[in-house]
Amino acid sequence: MREDITDRILDEAYYIAETGATVRKAASVFLYSKSTVHKDVTERLYYIDKELYERVRLVLDKNLSERHIRGGEATKEKYMNKKD
């Protein structure tokens, strides 16, 4: 794999592992599509650094289990701030 792609994958993975960020947040920080970031950290990272892959996988699993809560909070905030 090209060195620049490997560096990108590692940067994204360290960011997610250290901050607990979602794939969507990491994509906006690194200016890549969320599809690219997701493929980088769920498929490509495994072949580069298995230990880091496991750390990122824990964060992604946690984010997945909390997804419905964040969505509900966003909807609640939307309607609380709406003044008609």
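Look up: the structure comes first, before these words.
Since the structure is predicted, the reported quantities are computational estimates derived from the model, not experimental observations.

Digging into the pattern of salt bridges
In the structure shown here, the tally under the stated rule is six salt bridges. When the shortest N-O distance is used, the salt bridge between lysine 39 and glutamate 43 registers 2.9 Å. Of this pair, lysine 39 and glutamate 43 both sit in helix H3 (residues 34-48), four residues apart, which is roughly one turn of that helix. Between aspartate 40 and arginine 44 there is a salt bridge, and its shortest N-O distance comes to 2.5 Å.

Here's the deal with the packing of helix H1 (residues 3-19) against helix H2 (residues 23-30)
One can describe the packing of H1 onto H2 by two numbers: an axis separation of 10 Å at closest approach and a directional angle of 130°. One finds that H1 runs oblique with respect to H2. For H1 against H2, the interelement crossing comes out right-handed. Touching Asp11, Glu12, Tyr15 and Ile16 of H1 are Lys25, Ala26, Val29 and Phe30, all from H2. In terms of residue class, the contact of H1 with H2 is made up of five nonpolar, no polar and three charged.

Details of the nonpolar core
Grouped together as the largest cluster of nonpolar side chains are 15 residues, with contacts concentrated most on Ile16, Leu45 and Val56. Among the elements of the structure, H1, H2, H3 and helix H4 (50-81) are those that each provide at least two residues to this core. Per-element tally for this core: the top contributor is H4, with five residues. In this structure leucine 45 touches Ile9, Leu10, Ala13, Asp40, Leu52, Tyr53 and Val56, once residues within four positions along its chain are discounted.

Here is what the cut-offs are and how they apply
Residues numbered from 1 in each chain as written. Predicted model: local features only at pLDDT ≥ 70, side-chain atom pairs only at ≥ 80, totals over all residues. Heavy atoms only, no water. Salt bridge = Lys/Arg side-chain N within 4 Å of Asp/Glu carboxyl O. Helix = DSSP H or I, 4+ residues; strand = E, 2+ residues; numbered from the N terminus. Axes fitted to C-alpha atoms, helices over the stretch in contact; angles between N-to-C directions. Parallel < 35°, antiparallel > 145°, perpendicular 65-115°, else oblique. Left-handed = near helix turned anticlockwise from the far one by under 90°. Contact = heavy atoms within 4.5 Å. Nonpolar A, V, L, I, M, F, W, Y, C, P; charged D, E, K, R; others polar. Core = buried A, V, L, I, M, F, W, Y, C linked by side-chain atoms within 4.5 Å. Buried < 20%, exposed > 50% of the residue type's maximum accessible area, 1.4 Å probe, protein only.

Fair warning: the whole summary comes from geometry, so function is off the table for now.
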